[in-house]
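If you want the building blocks of each chain, they are given just below.
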Amino acid sequence: MGNLYNVYMQYVKNYYRSKSFYLMLTLILVISILMTYFSLKYVNDLPAFLGRNVSFHLKKILFYFIWSFVLINIPVFSSVFFGSPAISSEIENKTAYYIFPLPINRYKLYIGKYLSAFTVTFIIVLIYSSFEVIILHYLFGSIPLSFYYSIGLLAIFIFTILSITFMISSIFNKNTYAYITVFIIYYIVFEAGSLIINLLYKITPIYLLNEAADIVEKVYLNINTSSFVTSPSLAPATNTEIYTSVLIMIIYMIISFVAGIIIFERKEVS
């Protein structure tokens, strides 16, 4: 455990010193500031924008939806920045020649990197979430307790998407291939696949990761952002929906995490 902690702390420091971290930090601050400006400027202009009167409740729902729509995509981009090159970069940059022979089990290296990537990703997400809480509280009063539950669900999603990115990173020896593959899997296989299934069969494929991840916002605002054929409900998700989504994310997490460790354990430096 001592070795694992040392590995974790070392990689956390490496992330904080990396260009990827400061680039992602800059992007999230810019996005948060733009969302803040948008919310403050247009909160009272919705009737003119929509062409009709908007109740306080509907206005609140709309702004919660917009902020959450952005929030659910932040872990994907952050995990690509911090997770995709986690293993492949060691091969591409030749640092594996010095790291792999160290007297530390490879699974500890893998877990240490994984936890450090989760830490910096969660920090990035919390920065945006803090802006969201402050602005929405300022505009609409108290934040529902279920909103804070969504942060816990978001943490599960981050663990899951990082498990997938680490597994992909373990397969490739070049960062570029890992970056592209993760984006293809999430935005083409999951997102586009979900949309196609919705359009063709009029059902929501809850077994796809992006649909399970929607529980982050549906726990307090039940609008499915990837579905255009079913009528959205403004009622929060039921306990059954929450448990099902969490179970699906955990299954993805466990399978990809175990597969990633197995691949990494057998990976050779050539």
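Residues numbered from 1 in each chain as written. Predicted model: local features only at pLDDT ≥ 70, side-chain atom pairs only at ≥ 80, totals over all residues. Heavy atoms only, no water.

The name an unreviewed UniProt entry assigns to the chain is ABC-2 type transport system permease protein, from the organism Picrophilus torridus.

Here we look at the overall build of the chain
Put simply, the test is: Under the scheme used here, helices are H or I runs from DSSP no shorter than 4 residues and strands are E runs no shorter than 2 residues, and both carry numbers assigned from the N terminus. For every residue, the accessible area obtained with a 1.4 Å probe (protein chains only) is divided by the maximum for its type, and the residue is called buried under 20%, exposed over 50%, and partly exposed between those limits. In what follows, a contact means two residues having at least one pair of non-hydrogen atoms within 4.5 Å.
From N to C terminus, the chain includes 13 helices and zero strands. Put simply, the chain runs from its N terminus to its C terminus through helices and strands in the order α-α-α-α-α-α-α-α-α-α-α-α-α. Within the span of the chain, comprising 270 residues, buried residues form 49% of the whole. Taking as baseline every contact in the chain between residues at least 6 positions apart, the subset at least 24 positions apart corresponds to 78%.

Focus on helix H10 (residues 175–201)
Rules: Every helix has an expected span of 1.5 Å times one less than the residues it contains. Throughout, bend refers to the angle between the axes fitted to the seven residues that end at a position and the seven residues that start at it.
Between the first and last C-alpha of H10 there are 37 Å, a value that for 27 residues agrees with the 39 Å anticipated at 1.5 Å per step. The largest bend in H10 is about 30 degrees, located at Ile184. For H10, the complete set of buried residues consists of Asn175, Ala178, Thr181, Val182, Tyr186, Phe190, Gly193, Ser194, Ile197 and Asn198. Following H10 by one or two positions, Lys202 adopts a phi angle in the positive range, close to 60 degrees.

Remarks on unusual backbone geometry
In most cases, non-glycine residues show a negative phi, while peptide bonds are predominantly trans. Even without glycine at this site, Lys202 takes up a positive phi of about 60 degrees. With respect to the secondary-structure elements, Lys202 resides in the loop between H10 and helix H11 (209–213). Its relative accessible area of 55% is what places Lys202 among the exposed residues.

A look at a nonpolar patch on the surface
Our working rule: The patches described consist of residues with a relative accessible area above 30% and no salt bridge, like charges being joined within 9 Å and nonpolar side chains (Val, Leu, Ile, Met, Phe, Trp, Tyr) within 5 Å. Under the convention used here, a 1.4 Å probe and the Shrake-Rupley method define accessible areas, while residue burial counts only the protein chains that appear. Salt-bridge detection follows one rule: a side-chain nitrogen of Lys or Arg within 4 Å of a carboxyl oxygen of Asp or Glu.
A cluster of nonpolar side chains, contributed by Leu195, Ile196, Leu199, Leu200, Tyr201 and Ile203, occupies part of the molecular surface with about 600 Å² of accessible area. With respect to the secondary-structure elements, Ile203 resides in the loop between H10 and H11.

Topic: the packing of aromatic side chains
Stated formally: Only Phe, Tyr and Trp rings take part, Trp by its six-membered ring, and two of them pair if their centres are within 6.5 Å. Stacked means planes under 30 degrees apart, edge-to-face means over 60, and tilted covers everything else.
For the structure shown, the criterion picks out 27 aromatic pairs. Measuring from centroid to centroid gives 5.6 Å for Tyr114 and Phe166, while their planes differ by 85 degrees, and the two rings are edge-to-face. Of the two residues, Tyr114 is situated in helix H8 (residues 106–140) and Phe166 in helix H9 (residues 145–171); the sequence distance between them amounts to 52 residues. There is no split in this pair, since Tyr114 and Phe166 are both buried.

Description of H8
Spanning 35 residues, H8 covers 49 Å between terminal C-alpha atoms, matching the ideal 51 Å at 1.5 Å per step. Gly141 sits one or two positions beyond H8 and adopts a positive phi of about 90 degrees.

Let's talk about the UniProt feature "transmembrane region" (unreviewed entry) in the chain
Put simply, the rule is: UniProt positions are given in the numbering used here, feature names are shortened, and annotations may be inferred rather than shown by experiment.
Those residues carrying the UniProt feature "transmembrane region" (unreviewed entry) are residues 21–41, 61–82, 114–140, 146–168, 177–201 and 242–264 in this numbering. For residues 146–168, the end-to-end C-alpha separation is 33 Å, with 100% helix and 0% strand making up the annotated structure. The distance from the first to the last C-alpha atom of residues 177–201 is 33 Å, and the span holds 100% helix and 0% strand.

With respect to the packing of helix H5 (residues 74–83) against H8
Where we set the bar: Geometry is summarised by axes, namely lines fitted to C-alpha atoms with helices restricted to the contacting stretch, and by angles between N-to-C directions that run from 0 to 180 degrees. We call a crossing left-handed when the near helix sits turned anticlockwise from the far one by less than a right angle, and right-handed when that turn is clockwise. When residue character is reported, Ala, Val, Leu, Ile, Met, Phe, Trp, Tyr, Cys and Pro are called nonpolar, Asp, Glu, Lys and Arg charged, and the others, Gly included, polar.
At a minimum axis distance of 10 Å, the contact between H5 and H8 shows a crossing angle of 145 degrees. As H5 packs across H8, the resulting crossing turns out to be right-handed. Between H5, through Ile74, Pro75, Ser78, Ser79 and Phe82, and H8, the contact on the second element is made entirely by Ala117, Val120, Thr121, Ile124, Val125 and Tyr128. Within the contact of H5 with H8, the residues separate by chemical class into eight nonpolar, three polar and no charged.

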